[in-house]
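Observations on chain architecture
Listed below are the residues making up each chain.
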Amino acid sequence: MTVLPANEWTGRAGLALLTRALGAGNIRWVGGAVRDTLLGEPVKDIDCATRHRPEAVIDRCRAAGIRTVPTGIDHGTVTAILEDGPVEVTTLRRDVATDGRRATVAFADDWREDAARRDFTLNALYLHPETLEISDYFGGVEDLAARRVRFIGEAEQRIREDYLRILRFFRFQARFGGEPDAEGLAACAALAGTLKGLSRERIGGELLALLALP
């Protein structure tokens, strides 16, 4: 069992309020905040995964006096506006169909199923809001310690689900990586041509984020 080290953000009053509103058993902090804390880096954004459907998130937050914005409600995302910063609250999901550019999703109830649709192991770490215990379904903690950016499951399959993951691989490699993962690198090279199927806006945004790194 891995427990998140002591830090500032998990003790924020706004997060405690959100936890009470949604129930500690029904939410997990997930993604970059957990990853960056383990690396000893500053945390910027906090994301929350939940078993609740978006409408229930809105209702529970309203009852607790928390304002929400339906920023991506069609895909299960509601933003909770808290005094110490906004938090994106996204219902657990599973992919129904993908074509490399967009995904059709259905809501789910299982943390592992939600984790399985994410890109890299180091982004699929789920944190219990009270015990600070990390649920790591695909070896992300070990990969993070080794500075290894590794796709969840088969690399080529994950790229075919979303071609932008090729550029994301190199962005995360530039930020966190050591020796590149051989399978991931080979899959990116083999499928490089698929990037032509993406919009200029998506490619441009990812490239700007990549170029801002060392």
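Residues numbered from 1 in each chain as written. Predicted model: local features only at pLDDT ≥ 70, side-chain atom pairs only at ≥ 80, totals over all residues. Heavy atoms only, no water.

**So, the overall build of the protein**
Inclusion rule: Helix and strand assignments come from DSSP, with helices taken as H or I runs of at least 4 residues and strands as E runs of at least 2, each series counted from the N terminus. In this setup the radius of gyration rests on C-alpha atoms only. A globule is expected at 2.2 Å times the number of residues raised to 0.38. Between buried and exposed lies partly exposed: a residue is buried under 20% and exposed over 50% of the maximum accessible area for its type, with that area taken using a 1.4 Å probe on protein chains only.
Tallying secondary structure elements over the protein gives 9 helices and 10 strands in all. Taking 17 Å as the expected radius of gyration for a compact globule of 214 residues, we find that the protein reaches 17 Å, a close match to that expectation. Considered along the principal axes of its C-alpha atoms, the protein spans approximately 50 × 35 × 30 Å. Taken across its 214 residues, the protein has 45% of its residues classed as buried.

**A few points about the nonpolar core**
Applicable threshold: Among the buried residues, those of types Ala, Val, Leu, Ile, Met, Phe, Trp, Tyr and Cys that are joined through side-chain atoms within 4.5 Å form a nonpolar core. Here, residues are in contact when the closest pair of their heavy atoms is within 4.5 Å.
Judged by nonpolar contacts, the single largest core of 26 residues is most densely connected at Trp9, Leu18, Trp29, Ile46, Val87, Val89 and Leu127. For this core, the secondary-structure elements that each account for two or more residues are α1 (13-22), β2 (27-30), α2 (32-39), β3 (46-50), α3 (54-63), β5 (77-81), β6 (87-91) and β9 (125-127). Ranked by the residues each element gives to this core, the list is headed by α1, at 4 residues. Sequence-distant contacts of Trp9, that is, excluding residues within four places in its chain, are made with Leu4, Leu15, Trp29, Ala33, Val34, Thr37, Val43, Ile46 and Leu127.

**A look at the packing of helix α7 (residues 165-176) against helix α8 (residues 182-190)**
What counts is decided by this rule: Every axis corresponds to a line fitted to the C-alpha atoms, with the helix fit spanning only the stretch in contact, and the corresponding angles, defined between N-to-C directions, vary from 0 to 180 degrees. In what follows, roughly perpendicular refers to angles from 65 to 115 degrees, roughly parallel to angles under 35, roughly antiparallel to angles over 145, and oblique to any angle outside these ranges. With the far helix as reference, a near helix turned anticlockwise by less than a right angle produces a left-handed crossing, and one turned clockwise produces a right-handed crossing. For this classification, Asp, Glu, Lys and Arg are treated as charged, while Ala, Val, Leu, Ile, Met, Phe, Trp, Tyr, Cys and Pro are nonpolar and the rest, including Gly, are polar.
Where α7 contacts α8, the two axes come as close as 10 Å, and the packing angle between them is 140 degrees. Considering their axes alone, α7 and α8 lie oblique with respect to each other. Once α7 is placed against α8, the crossing between them reads as left-handed. For the pair α7 and α8, contact is made by Ile166, Phe169 and Phe170 and by Gly184, Leu185 and Cys188, respectively. Looking at side-chain class alone, the contact of α7 with α8 contains 5 nonpolar, 1 polar and no charged residues.

**Looking at the pairing of β5**
Side-chain direction in a regular strand flips from residue to residue, so the side chains alternate between the two faces of the sheet. As a reminder of what qualifies: Strands pair, by our definition, only if DSSP identifies at least two bridges between them.
Of all the 5 residues making up β5, 4 are buried; the element is thus mostly covered by neighbouring parts of the structure. The pairing of strand β4 (residues 67-72) with β5 spans 4 bridges and is antiparallel. In the strand pairing of β5, Gly72 is matched with Thr77. If you look at the hairpin formed by β4 and β5, you'll find 4 residues sitting between the two strands, and Gly76 has a positive phi there, around 90 degrees. Examined bridge by bridge, β5 and β6 share 4 bridges and lie antiparallel to one another.

**Comments concerning the sheet that holds β5**
On the basis of which strands lie adjacent, the open sheet formed by 8 strands has the order β1-β10-β9-β2-β3-β6-β5-β4 and mixed pairing. The open sheet has two free edges, formed respectively by β1 (2-3) and β4, since each of these has just one partner strand. As paired strands, β2 and β3 are joined by 4 bridges and run antiparallel to one another. Across the sheet, residue Arg28 finds its bridge partner in β3, namely Ala49.

**Considering the side chain of Thr37**
Quick reminder of the rule: Polar contacts here mean pairs of N or O atoms no more than 3.5 Å apart (in protein, one a potential hydrogen donor and the other a potential acceptor; neighbouring residues in sequence count only if both atoms are side-chain atoms).
Mapping Thr37 onto the fold places it in helix α2. Separated by 2.8 Å, the side chains of Thr37 and Trp9 make a polar contact. Not counting residues within four places of it along the chain, the set of residues in contact with Thr37 comprises Leu4, Pro5, Asn7, Trp9 and Val43.

**Here's the deal with the environment of Ala108**
You can see Ala108 is positioned in the loop between β8 (103-107) and α4 (111-116). Spatially, the C-alpha atom of Ala108 lies 7.5 Å from that of Thr91, the residues being 17 residues apart in sequence.

**Some thoughts on the packing of α2 against α7**
It is at 13 Å that the axes of α2 and α7 come closest, and there the two elements cross at 25 degrees. Judged by the inter-axis angle, α2 sits roughly parallel to α7. Residue-level contacts link Arg35, Asp36 and Leu39 of α2 to Phe172, Arg175 and Phe176 of α7. Considered class by class, the residues forming the contact of α2 with α7 number 3 nonpolar, no polar and 3 charged.

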